Amino acid sequence: MKKVNQIDYIVNGEGTGDMTRRRGEIPLLLAMTCRAMTDAFHDRLAAEGREPLRPAHGYTFRLLVDHDDVTAVELAEHLGVTKQAASKIVSELEGWGYVERRPHATDGRARVLALTDRGHAYVRHADEMWADIEDRWGEAIGSERLDRIYEDLRTYVDEVAGGRAVLRPIW
């Protein structure tokens, strides 16, 4: 099979056993790692019989966990979607009992979004599941190496990305 690009080498196991880093490969490996961890997370949700949550729901949870005054327009801007798409996400989460709409503090026509108690409990549960998935990585490579990866990723986000690294979808 003819190799097209670096992804072919990574996905098809070309050079298995050769741990020599190729320039430009780290972003691909990070994306694949994130995908594998996300798939493990969603497999656990499915095994628990949870609602069919998608990544956009997760980004909504993460925004609302620290803010209880976000409008649908602000959520749409954060997610990089239309107001209609954001409203659909909110309607789903509201229907499952995770989000509620409340009156806006200063605009009588507007509504703000907030996590319900069930929504906050879900975030705590999700955090535990993510920690378990992260622990699995630590079992594979050792907790000291995982600590070093954490430090290196924090350094990149804090110093190299210059504050532009925000937890949001990259559609």
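All residue numbers refer to positions counted from 1 along the written sequence of the respective chain. Selection of residues for local features in this predicted model requires a pLDDT of at least 70, selection of side-chain atom pairs for listing and counting requires 80 or more, and totals for whole chains, interfaces and linings are taken over all residues. The side-chain quantities take in all heavy atoms of the structure and omit both hydrogens and water.

(A) Seen up close, the overall build of the protein. For the purposes of this entry, the term helix denotes a DSSP run of H or I that reaches at least four residues, the term strand denotes a run of E that reaches at least two, and both are numbered from the N terminus. Scanning the protein for helices and strands turns up 7 helices and 2 strands. The N-to-C order of helical and strand elements in the protein reads α-α-α-α-α-β-β-α-α. Counting every position in the protein, which comprises 171 residues, the buried fraction comes to 26%. Within the protein, counting contacts between residues at least 6 apart in sequence, those at least 24 apart form 50% of the total. Surface accessibility in these figures is a Shrake-Rupley result with a 1.4 Å probe; residues are shielded only by whichever protein chains are displayed. Accessible area for the protein stands at about 11800 Å²; split by element, carbon and sulfur atoms hold 53% of it. Using a 1.4 Å probe on the protein chains alone, a residue whose accessible area is under 20% of its type maximum counts as buried, one over 50% counts as exposed, and one in between counts as partly exposed. We call two residues in contact whenever any of their non-hydrogen atoms come within 4.5 Å of each other.

(B) Seen up close, the packing of helix H6 (residues 117-141) against helix H7 (residues 143-160). Running from amino to carboxyl end, H6 crosses H7 at an angle of 120 degrees, the nearest separation of the two axes being 7 Å. Put simply, H6 runs oblique to H7. Residues Glu 134, Trp 137, Gly 138 and Ile 141 of H6 touch H7, and the partners they reach there are Ser 143, Arg 145, Leu 146 and Ile 149. Gly falls in the polar group here, along with every residue not listed as nonpolar (Ala, Val, Leu, Ile, Met, Phe, Trp, Tyr, Cys, Pro) or charged (Asp, Glu, Lys, Arg). Its residues assigned to classes, the contact of H6 with H7 shows 4 nonpolar, 2 polar and 2 charged. To obtain an axis, a line is fitted to C-alpha atoms, over the contacting stretch when the element is a helix, and the angle between two such axes runs from 0 to 180 degrees between their N-to-C directions. Angle categories are assigned with fixed cut-offs, so that under 35 degrees is roughly parallel, over 145 is roughly antiparallel, 65 to 115 is roughly perpendicular, and the rest are oblique.

(C) Expanded view of the packing of aromatic side chains. Only Phe, Tyr and Trp rings take part, Trp by its six-membered ring, and two of them pair if their centres are within 6.5 Å. Stacked means planes under 30 degrees apart, edge-to-face means over 60, and tilted covers everything else. Under the definition given, this model contains 4 aromatic pairs. With 4.4 Å between their ring centres and 5 degrees between their planes, Phe 41 and Trp 130 make a pair best called stacked. Taken together, the residues Phe 41 in helix H2 (residues 25-47) and Trp 130 in helix H6 connect sequence positions 89 residues apart. On the accessibility criterion, Phe 41 (6% relative accessible area) is buried. Consider the rings of Tyr 98 and Tyr 122, whose centres lie 5.2 Å apart with planes at 55 degrees: the pair is tilted. Taken as a pair, Tyr 98 in the loop between helix H5 (83-95) and strand S1 (99-103) and Tyr 122 in helix H6 lie far apart in primary sequence, 24 residues in all. The exposure class of Tyr 98 is buried, given its relative accessible area of 0%. Within the aromatic cluster, the residues linked to one another by ring pairs are Phe 61, Tyr 98 and Tyr 122.

(D) Examining the pattern of salt bridges more closely. One side-chain nitrogen of Lys or Arg within 4 Å of one carboxyl oxygen of Asp or Glu is enough to make a salt bridge. According to the stated counting rule, one finds 14 salt bridges in the structure shown. The partner of Arg 62 in a salt bridge is Asp 127, and the shortest N-O contact between them spans 2.4 Å. Of the two residues, Arg 62 is situated in helix H3 (residues 55-64) and Asp 127 in helix H6; the sequence distance between them amounts to 65 residues. On the basis of relative accessibility, which here comes to 30%, the residue Arg 62 falls in the partly exposed class. Owing to a relative accessible area of 36%, Asp 127 belongs among the partly exposed residues under this scheme. Residue Asp 158 is joined to Arg 154 by a salt bridge in which the shortest nitrogen-to-oxygen separation is 2.7 Å. With Asp 158 and Arg 154 both in helix H7 and 4 residues apart, the pair spans about one turn of that helix. Overlapping salt bridges bring together Arg 54, Lys 88 and Glu 92 as one network.

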